[in-house]
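This is what each chain is made of:
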Amino acid sequence: MSFSYNKFLRPLTTTDTNVKILDDSGVIKFNINPFSVVNVMVSNNLLKISSKGGKVITISFSTINESKLALERIQVQLDTLKEKTPNLIDKQIEKLI
C-alpha cells in the first residue's frame, strides 16, 4: 500500500462525520471516527494514529517531510469534524425537547 500526502485524505463534505484515508489508487483503506482518536504523531516517515480502543493505524510515506505535511492535513480534518459534530448533536437534542 502506498500513500501520498496530497492524496491520502478524501476531502470533507458537509455530511461527513468520519475521516476517510485513501491509498494512491483512490480506495478507502481506513474510516476514522474523530472522537476515537487519542493521538496523532510522526515518527520518521510514518504517521501514527492511536485510537481509544488501543488500535494504532500506521501510514507510511516516502519521506519525513511528507509525513509532517500529512500530520497537518489530518489534524485540520479531525479538528473540523470535532467542531462540526456537536452542533448536529445539539440540534437533535433540541428536537427531542
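For the structure itself, look to the data block above.
Residues numbered from 1 in each chain as written. Predicted model: local features only at pLDDT ≥ 70, side-chain atom pairs only at ≥ 80, totals over all residues. Heavy atoms only, no water.

**Student:** Please set out the packing of aromatic side chains residue by residue, giving values where relevant.
**Tutor:** Throughout the structure, instances matching the rule amount to one aromatic pair. Where Phe 8 meets Phe 61, the ring centres are 5.4 Å apart and the plane angle is 85°; that geometry is what we call edge-to-face. Note that Phe 8 is positioned in the segment before strand S1 (19–22) and Phe 61 in the loop between strand S5 (56–60) and helix H1 (64–96), a separation of 53 residues in sequence. Of the two residues examined, Phe 8 and Phe 61, each falls in the buried class. (Phe/Tyr/Trp six-rings, centres within 6.5 Å; stacked < 30°, edge-to-face > 60°. Helix = DSSP H or I, 4+ residues; strand = E, 2+ residues; numbered from the N terminus. Buried < 20%, exposed > 50% of the residue type's maximum accessible area, 1.4 Å probe, protein only.)

**Student:** Can you lay out the pairing of strand S2 (residues 28–32) for me, pointing to particular residues and giving the numbers?
**Tutor:** Side chains on a regular strand alternate between the two faces of the sheet. Examined bridge by bridge, S1 and S2 share four bridges and lie antiparallel to one another. Paired with Val 19 across the bridge in S2 is Ile 32. Counting the residues that bridge the hairpin from S1 to S2 gives five residues, and of these Gly 26 lies at a positive phi of roughly 90°. (Pairing = 2+ DSSP bridges.)

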